[in-house]
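Listed here are the chains, written in short residue letters.
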Amino acid sequence: MASTTTKKKNTSRKHAGIKAVRQSTRRATANRMKHADLDKQMRFFKASLKEGNKEKAIRLQRLLQKAYAKAAKNHILPINKARRNTSSIAKLVAKTFSA
């Protein structure tokens, strides 16, 4: 007689796929929150420029440049976009407070 044992299915791939989906959604939401935080900081920065508050604007400029560098390092933003934004921030401060 032939053996009647059945072959066990390998379900590890299915579980790995489920885990990958769970990880990617968690990372995507975290990155979206960090990106929204950058936009919020940029709005505060532009508001301080409109107010004409030089000390606040320079302080926010430093914080924004640091945040953009960290976002680029962690692959939340492309590196060139972060560099372009930090450059435009510096130009805005120089243009607003040069006179």
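Above this text you will find the structure in question.
Notes on the structure in this doc start here. (Residues numbered from 1 in each chain as written. Predicted model: local features only at pLDDT ≥ 70, side-chain atom pairs only at ≥ 80, totals over all residues. Heavy atoms only, no water.)

**A short note on the overall build of the protein**
Counted only if it meets this: Put simply, DSSP H or I for four residues or longer makes a helix, DSSP E for two residues or longer makes a strand, and each gets a number counted from the N terminus. Burial here depends on accessible area, computed with a 1.4 Å probe over protein chains only, as a share of the maximum for the residue type. Under 20% is buried, over 50% is exposed, and the range in between is partly exposed. Between two residues, a contact is recorded if the distance between any of their heavy atoms is within 4.5 Å. Here the open area of atoms and residues is found with the Shrake-Rupley method and a 1.4 Å probe, where only the protein chains shown may cover a residue.
A count of helices and strands for the protein gives three helices and zero strands. Secondary structure elements in the protein, listed N-terminal to C-terminal, are α-α-α. When the 99 residues of the protein are sorted by exposure, 21% land in the buried category. For the protein, contacts bridging at least 24 residues in sequence account for 58% of all contacts bridging at least 6. Accessible surface for the protein amounts to roughly 8,300 Å². Of this, 55% is attributable to carbon and sulfur atoms.

**Considering unusual backbone geometry**
For His75, which is not a glycine, the phi torsion comes out positive at approximately 65°. Residue His75 is classed as exposed on the basis of its relative accessible area of 68%.

**Re the packing of helix α2 (residues 54–73) against helix α3 (residues 79–96)**
Two measures define how a pair of helices packs: the angle their axes make with one another and the distance between the axes. The following threshold applies: Orientation is described by lines fitted to C-alpha atoms, with helices fitted over the stretch in contact, and by angles between N-to-C directions that extend from 0 to 180 degrees. When describing relative orientation, an angle under 35 degrees is termed roughly parallel and one over 145 degrees roughly antiparallel, while 65 to 115 degrees is termed roughly perpendicular and anything else oblique.
At their nearest, the axes of α2 and α3 sit 9 Å apart, and the two run at 170° to each other. The orientation of α2 with respect to α3, classified from their angle, is roughly antiparallel. For the pair formed by α2 and α3, the contact residues are Ile58, Gln61, Leu64, Gln65, Tyr68 and Ala72 on the first element and Ile79, Ala82, Asn85, Thr86, Ile89, Ala90 and Val93 on the second.

**Regarding a positive patch on the surface**
Basically, it comes down to this: Here a patch means residues that are over 30% exposed by relative accessible area and free of salt bridges, tied together within 9 Å if like-charged and within 5 Å if nonpolar (Val, Leu, Ile, Met, Phe, Trp, Tyr). A carboxyl oxygen of Asp or Glu within 4 Å of a side-chain nitrogen of Lys or Arg is what we treat as a salt bridge. By the counting scheme adopted, Arg and Lys are positive, Glu and Asp are negative, and His together with the chain ends is not counted. Lys charges are placed at NZ, Arg charges at CZ, Asp charges at CG and Glu charges at CD.
Taken together, the side chains of Lys19, Arg22, Arg26 and Arg27 define a basic patch exposed on the protein surface. Take Arg27: it is sitting in helix α1 (residues 12–51).

**Let's talk about the packing of α1 against α2**
Worth spelling out the cut-off: Crossings are assigned a handedness: left-handed for a near helix turned anticlockwise from the far helix by less than a right angle, right-handed for a clockwise turn. Residues are sorted three ways: Asp, Glu, Lys and Arg are charged, Ala, Val, Leu, Ile, Met, Phe, Trp, Tyr, Cys and Pro are nonpolar, and all the rest, Gly among them, are polar.
Packing of α1 against α2 brings their axes to within 9 Å, and their N-to-C directions diverge by 160°. Between α1 and α2, the angle is such that the two are roughly antiparallel. Relative to α2, α1 is oriented so that their crossing is left-handed. Two secondary-structure elements touch here, α1 through Leu38, Gln41, Met42, Phe44, Phe45, Ser48, Leu49 and Glu51 and α2 through Lys56, Ala57, Leu60, Gln61, Leu63, Leu64, Ala67, Tyr68 and Ala71. Classifying every residue of the contact of α1 with α2 gives 12 nonpolar, three polar and two charged.

**A word on α2**
Note the following rule: Expected span of a helix, by definition, is 1.5 Å for each gap between consecutive residues, and there is one gap fewer than residues. Note that the arc is defined by the directions from the helix axis to the C-beta atoms. A 3.5 Å cut-off defines polar contacts: any pair of N or O atoms within that distance qualifies, except that in protein one atom must be a possible hydrogen donor and the other a possible acceptor, and neighbouring residues in sequence count only when both atoms are side-chain atoms.
Compared with the 28 Å implied by 1.5 Å per residue over 20 residues, the 28 Å span of α2 between its first and last C-alpha is a close match. All of the buried residues along α2 are Ala57, Leu60, Gln61, Leu64, Ala67, Tyr68, Ala71 and Ala72. Considered in projection along α2, the buried side chains sweep an arc of 140° and stay on one side of the axis. More than 90 degrees from the buried face of α2, the exposed residues found are Glu55, Arg62, Lys66, Lys70 and Lys73. In this structure, the buried residues of α2 make contact with α1 and α3. Measuring from the side-chain oxygen of the N-cap residue of α2 to the backbone nitrogen of Lys56 gives 3.5 Å; that N-cap residue is Asn53. His75 lies just past α2 and shows a positive phi near 65°.

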